[in-house]
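For reference, the chains in residue letters:
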Amino acid sequence: TDADGQPGQPLHYRDMVILLPVAKGVADKVEAELVKAGIPVYVDAAMNAMGSEEVQQVTQHLMLLDNLRNDLALISELRSPLFDLSERELAEIRLQLPDDKRTFYDAMMVCAQQEENQPLRQRCQSLLDFLEEERFLYRSMPVEEYLWDFLMRSGLYAHYGCQPGGKLRQANLRMLCHKAGEYAANHTEGLAGFLSTLHQGGDSTSPTVVNPWEDVVRIMTIHKSKGL
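The following paragraphs examine the structure supplied in this document.

Basis of the calculations
- Residues numbered from 1 in each chain as written.
- Predicted model: local features only at pLDDT ≥ 70, side-chain atom pairs only at ≥ 80, totals over all residues.
- Heavy atoms only, no water.
- Core = buried A, V, L, I, M, F, W, Y, C linked by side-chain atoms within 4.5 Å.
- Buried < 20%, exposed > 50% of the residue type's maximum accessible area, 1.4 Å probe, protein only.
- Helix = DSSP H or I, 4+ residues; strand = E, 2+ residues; numbered from the N terminus.
- Contact = heavy atoms within 4.5 Å.
- Salt bridge = Lys/Arg side-chain N within 4 Å of Asp/Glu carboxyl O.

Right, let's get into the nonpolar core. When a protein is soluble and globular, its nonpolar side chains tend to lie buried together. In terms of nonpolar packing, the biggest core is built from 47 residues, with Leu74, Leu78, Ile93 and Met108 touching the most fellow members. Of the residues forming this core, the biggest block, eight residues, is contributed by helix H6 (residues 118–140). For Leu74, the contacting residues outside a window of four places in its chain are Leu64, Leu68, Phe104, Tyr105, Met108 and Leu131. Membership of the second largest hydrophobic core comes to seven residues, among which are Leu20, Ala27, Val41 and Ile219.

Below you can see the structure in the form of structure tokens.
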């Protein structure tokens, strides 16, 4: 009920805030308990913009579009929910070109041309085709539009929405799309500049910020709650 004893509006998760004297060593434990109970939660603490799994995964995808011979980004993509390649499959691809001065992308190109292992050859060819198509789409669309389209087409947005804390994960991905569009509208450095900004972190680029209407319970310190 409201202050006058009359029926009020239905309560939502977003109406709830847990205030702590300090966050360190406490907030993560409270968060874990809420997640265990199936309650969407957001910890309002100093977070690295690259910290969440879903943002890292999409950022690696963008880094790969920027440079196909970025081994870390490529292997991250191959092991992601998009393709879920096993360590054995990755090793088989690498063994096609064991020269440590050549990139994993080069090894995939060699693998796509070999005749012995047809299933692996076809898998590598389909992966190479996918990467070329994504680079074409990225170059043909505004970055914010491309990111959202990619998240929908790939199923990553739905995938992370089904994980514990899914609402917050999806909010992180939406914020990343928004920040990409915001950066493109105000800068001329392109994708490389946006990725550099993400790595630098800071509140102005953090995709872990949640808007007031996201239906999650917030955990924050008493100090940070002042004025809200």
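Let us now look at the pattern of salt bridges. The tally for this structure, following the rule as stated, stands at 10 salt bridges. Its salt-bridge partner being Arg169, residue Glu54 comes within 3.0 Å of it at the nearest N-O pair. With Glu54 in helix H2 (residues 53–66) and Arg169 in helix H9 (residues 166–186), the pair connects residues that are 115 residues apart, well separated along the chain. Accessibility classification places Glu54 together with Arg169 in one group, the buried group. Between Asp106 and Arg102 there is a salt bridge, with the nearest N and O atoms lying 3.5 Å from each other. The exposure class assigned to Asp106 is buried, which follows from its relative accessible area of 10%. Connected through shared salt-bridge partners, Glu53, Glu54 and Arg169 make up one network.

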